[in-house]
Amino acid sequence: MAVRVVIGAQWGDEGKGKIVDLLSSKAEIVARYQGGANAGHTICHGSTKYVLRLIPSGILHDGVKCILGNGVVIDPIALFEEMDGLEKMGIKMDERLMVSPHAHIILPYHKLIDQAKEKYLGENQVGTTKRGIGPAYLDKIDRCGIRAIDLMDYQTLNDKLQRNIGEKNKILKAFGAEELEAEPIIAQFAELGQRLRPLIGDVPAFLDRAIKSNKEILLEGAQGTLLDIDHGTYPFVTSSNATSGGACTGLGIGPSKINHVMGVIKAYTTRVGNGPFPTEFDEPFGSKIRELGGEYGSVTGRPRRCGWLDLVQLKYATFVNGIDELAITKLDVLDTIDELKVCIGYKLDGKAIDYFVTDGRVLDKIEPVYQSIPGWKANTSKIKKFADLPKKAQEYLRYIESFLDGPKIKIISVGQDREETLIL
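Residues numbered from 1 in each chain as written. Predicted model: local features only at pLDDT ≥ 70, side-chain atom pairs only at ≥ 80, totals over all residues. Heavy atoms only, no water.

Bringing the overall build of the chain into the picture now. A count of helical and extended segments in the chain gives 12 helices and 19 strands. Here the C-alpha atoms of the chain give a radius of gyration of 22 Å, agreeing with the 22 Å that 2.2 N^0.38 yields for 424 residues. The buried share among the 424 residues of the chain stands at 56%. Considering only residue pairs separated by 6 or more positions, the chain has 76% of its internal contacts joining residues 24 or more positions apart. Carbon and sulfur atoms make up 50% of the accessible area of the chain, which totals about 18200 Å². When the 54 basic and 56 acidic side-chain charges of the chain are each reduced to a single mean position, those positions are 2 Å apart. (Helix = DSSP H or I, 4+ residues; strand = E, 2+ residues; numbered from the N terminus. Rg over C-alpha atoms; globule rule 2.2 N^0.38 Å. Buried < 20%, exposed > 50% of the residue type's maximum accessible area, 1.4 Å probe, protein only. Contact = heavy atoms within 4.5 Å. Areas by Shrake-Rupley, 256 points an atom, 1.4 Å probe, with all protein chains shown as cover. Lys, Arg positive; Asp, Glu negative; His and termini not counted. Charge placed at Lys NZ, Arg CZ, Asp CG, Glu CD.)

Structure below.
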C-alpha cells in the first residue's frame, strides 16, 4: 500500500468511507486532508452503522492512528460529539487521534453567516450544508481565522475573537440576522481548547517519520473531484481542494511521497445540492434509483440527484487526480435495470466534444451522448469473485476500464456491509 490517496472521482458521496474502512485493515495511519463536518461517511459492520463526519474511517480499526490535517476546518463541538459517540459504541479513542495545530476552527458566526447568506441568495443559493465550512475557509484566506493552536492561549483567543466578532456582527446585521456576544463564545472555545490540547501534534513531522519507516498510510479526502474549489463545477463546489493535490497541502506531504491514487466512483452518478448535472435521470426513474441506492445524505439527510455514469467526466477526474486505481461502489443498485446507459461524449450547440467542461454555464447547455449497455438482471450482492459476476456486469465494468484507458479496477462494492465486496 505504501502511501495511497483515496479520493471521490465524482460529485462526492461515492462511498469513500467504506473503501477507506476496507483499506484501513492493512493501514497503520489514516489522515484526512480537507473539508469539515459537512462530509459524512456511512460504514456498516454487520448490524452496526457508523456515521463519521470528521474522524477518518480508520478509527474503526484497532491500532490505526487517525489524523486531521491543517487543510481540515474543525468544529470542535461536532468533533467531541463524534468522539463521545464512538466511545459509547465501543471504539477506543485513547491517543489514536492527532489534530494539526494549524487546522482552522469553525465558530458560531461562521454557521450563522452561512445560513444567512444562503437565505439571502434564495433561488441562486449554492446549496451548502449551512455548517459554516465556506465562511471558515474564507477567514483562513483572509488571514483572520482562528486556528487550533489559538485555542490553547486565552489572551490570543480573546484578542482575535473580540476583533472577529465585532466584524462579523456587522455582516450579520446587514443580513438581518441576530448578532453575537463575544464573552460567552470566548469562554466556550477556551474550554474546548483545553480538551483539544492533548490531541495536538506536528502532523508533517509525524508523517515524515512514518513514511521513512515504511508505514502503510492512507490519505482520505472528503467530497469529490467535481466539488473541488479549483477543478470542480464552480461555483457549485465546496470550499477546499478535494482532489489528490489537496493531500499534499492539507497534510504537509511532498507529492513524490505518494505512491497510488485510488478514485472511488459509483456505478452511476449522483450529486447533492444545486448545479448542472448533464446525465441526471428524469422522473420517476430518478426517484426509483434514489430509493434503491438509499441516496440520502448521511449527515444532512438531503436527497441526492441521480443520473447515468458519465465517462467523460470520469476521464477528466482521472487525469486531474492522477488516478491509477479504481474502486466501484453500488454495482448492486443496478441489478434490476433492463438497459443501462453510459455517457461517452457531449454535444454543445450541435457540435460533438469529447472533454469535460467545468464552467457551469456551459455544462448546463451540454447534451450527453449515450452508449446503451444491456443490464444483467441478477443479484450481485452475495458474489465474492469477479468471475462469478453476471457476464453483462463484467462487460459493464470492463467497458468503464477500457474507456478510461489507464486506471485498473481494484475493488467492487455490491452492498453496504464490509463483507459485500470483491477485491480484484
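Still to come is the rest of the account.
In this section: the packing of aromatic side chains. For any pair of aromatic rings, geometry is given as the distance between the ring centres together with the angle between the planes. Counting across every chain of the model gives 9 aromatic pairs. A ring pair is formed by W376 and Y396, whose centres lie 5.7 Å apart and whose planes are at 50 degrees; its orientation type is tilted. With a gap of 20 residues between them, W376 in the loop between β17 (367-374) and α12 (391-404) and Y396 in helix α12 connect regions that are remote in the sequence. With respect to class, W376 is no different from Y396; both count as buried. Among the aromatic side chains, those forming a connected cluster through ring pairs are Y316, F319, Y346 and F356. The residue whose ring lies beneath K315 is F403, and the NZ or CZ to ring-centre distance is 4.6 Å. The ring of F386 has R398 sitting right over it, with the charged end atom 4.4 Å from the ring centre. (Phe/Tyr/Trp six-rings, centres within 6.5 Å; stacked < 30°, edge-to-face > 60°. Lys NZ or Arg CZ within 6 Å of the ring centre and 35° of its normal.)

In this chain, Y234 is followed by P235 through a cis amide linkage whose omega measures 10 degrees. By secondary structure assignment, the location of P235 is in the loop between β9 (217-220) and α8 (245-251). Phi is positive for E95, which is not a glycine, with a value near 55 degrees. Counting through the fold element by element, E95 comes out in the loop between α2 (76-88) and β7 (97-99).

Three- or four-residue spacings in an α-helix give side chains the same orientation, since the helix completes a turn every 3.6 residues. Of all 9 residues making up helix α1 (residues 16-24), 9 are buried, and the element is well covered by its neighbours. For α1, the full list of buried residues reads K16, G17, K18, I19, V20, D21, L22, L23 and S24.

To continue, consider the sheet that holds strand β5 (residues 65-68). Taken in spatial order, the 9 strands of this open sheet run β7-β5-β2-β9-β1-β10-β14-β18-β19, and their pairing is mixed. Each of the sheet's edge strands pairs with one partner strand only, and the pair in question is β7 and β19 (421-423). Along the sheet, successive strands turn relative to each other by an average axial angle of 20 degrees, direction set aside. Two strands pair when backbone bridges link them, and strand β14 (residues 325-329) and strand β18 (residues 408-413) are joined in this way by 4 bridges, in the parallel orientation. Counterpart to L326 in the pairing with β18 is I409. (Pairing = 2+ DSSP bridges. Axes fitted to C-alpha atoms, helices over the stretch in contact; angles between N-to-C directions.)

Bringing helix α7 (residues 203-212) into the picture now. The set of residues buried in α7 consists of V203, L207, A210 and I211. On an axial view of α7, the arc spanned by its buried residues comes to 100 degrees, and they lie on one face. Exposed residues lying more than 90 degrees from the buried face of α7 are R209 and K212. If you follow the buried residues of α7, they end up packed against β1 (3-8), β2 (29-32), β5, β7, β9 and α8. The backbone nitrogen of A205 has a side-chain oxygen 3.3 Å away, supplied by the residue at the start of α7, namely D202. N214 sits one or two residues past α7 and shows a positive phi near 60 degrees. (Arc of directions from axis to C-beta. Polar contact = N/O pair within 3.5 Å; in protein donor to acceptor, adjacent residues only side chain to side chain.)

Geometric values such as these leave the question of function open.
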